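Fold and contact review
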Amino acid sequence: MALTRQDTLLLKALQTDSRITNQALADAAGMAPSPCWRRVKQLEEAGLITGYRAQLDRQKLGLGLLAFIRIKIDSHSEQEALRFEAQVQELPQVIACYATAGSADFLLQVVAQDLEQYSEFAMAVIRRLPGIKEMETSFVLKEIKPYTALPLGLGKNRPRLDEF
């Protein structure tokens, strides 16, 4: 699906505020409300919009520690990897997990109240996951640019330059 300039404007507005009214969204994209609503529905049906959610402040929720854990597993069999992935899916402290190439097999993004809570989680849960060969934790000292939205205009579906 090739994105138009209006699609990009719609997606940017929705990433900034998913509770925006259809009228305000239409205004932001320079559209009438009905075509705007229809286009958003098309973007949802095409899978470009996968959901709507509130962005929460982890610090105010008492989750002051943010860490990344590099994991190497013993076996690189598909069955072992799938078993690891399934168990990681069940851990609420793991807010993101990526299979990676390079020196680690997986990269986990983890939150905890503090170092003590993280230590308990790492020792009692992470180290006991199936097939863990090695783990290394990096603690976030300062969030400089946390994820808030995807950059638009970089992917293969970007609008043509003459549309701007």
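Residues numbered from 1 in each chain as written. Predicted model: local features only at pLDDT ≥ 70, side-chain atom pairs only at ≥ 80, totals over all residues. Heavy atoms only, no water.

With that settled, the discussion passes to the environment of L65. With respect to the helices and strands, L65 occurs in strand β1 (residues 65–73). Take L65: its relative accessible area is 12%, and that puts it in the buried class. Sequence spacing of L65 and Q117 is 52 residues, and the spatial spacing of their C-alpha atoms is 9.1 Å. Here L65 is in contact with R58, V110, V111, A112, Q113, D114, L115, Y118 and F139, once residues within four sequence places are set aside. (Helix = DSSP H or I, 4+ residues; strand = E, 2+ residues; numbered from the N terminus. Buried < 20%, exposed > 50% of the residue type's maximum accessible area, 1.4 Å probe, protein only. Contact = heavy atoms within 4.5 Å.)

All right, on to the domain arrangement of the protein chain then. We note that the domain assignment places domain 1 (5–46) and domain 2 (58–139) within the protein chain. On a C-alpha basis, the centroid separation for the pair domain 1 and domain 2 is 36 Å. (Domains from an automatic or database assignment.)

Here we come to the UniProt feature "domain: HTH asnC-type" (unreviewed entry) in the protein chain. Mapped onto this structure's residue numbering, the UniProt feature "domain: HTH asnC-type" (unreviewed entry) falls at residues 3–64. Helix makes up 53% of residues 3–64 and strand 0%. Its end C-alpha atoms lie 38 Å apart. (UniProt positions renumbered as here; feature names shortened; annotations may be inferred.)

Two side chains with opposite charge may pair up if their charged atoms get near one another. Scanning all chains against the criterion turns up 4 salt bridges. The closest approach of N and O atoms between R58 and E143, which form a salt bridge, is 2.9 Å. Here E143 lies in the segment after β4 (132–139) and R58 lies in the loop between α3 (33–45) and β1, a separation of 85 residues in the sequence. The class of R58 is buried, set by a relative accessible area of 15%. Here E143 falls in the partly exposed class, since its relative accessible area comes to 37%. Note that E136 and R70 form a salt bridge whose closest N and O atoms lie 2.8 Å from each other. With a gap of 66 residues between them, E136 in strand β4 and R70 in strand β1 connect regions that are remote in the sequence. The exposure class of E136 is partly exposed, given its relative accessible area of 40%. By relative accessible area, R70 is classed as partly exposed at 23%. (Salt bridge = Lys/Arg side-chain N within 4 Å of Asp/Glu carboxyl O.)

An α-helical turn contains 3.6 residues, so any two residues separated by three or four positions project in the same direction. Looking at helix α5 (residues 115–124), one finds that the buried residues are Y118, F121 and A122. An end-on view of α5 places all buried positions within 95° of arc, on one side of the element. Against the buried residues of α5 lie β1, β2 (94–99), β3 (106–112) and β4. A side-chain oxygen of the first residue of α5 lies 3.3 Å from the backbone nitrogen of E116; this N-cap is D114. (Arc of directions from axis to C-beta. Polar contact = N/O pair within 3.5 Å; in protein donor to acceptor, adjacent residues only side chain to side chain.)

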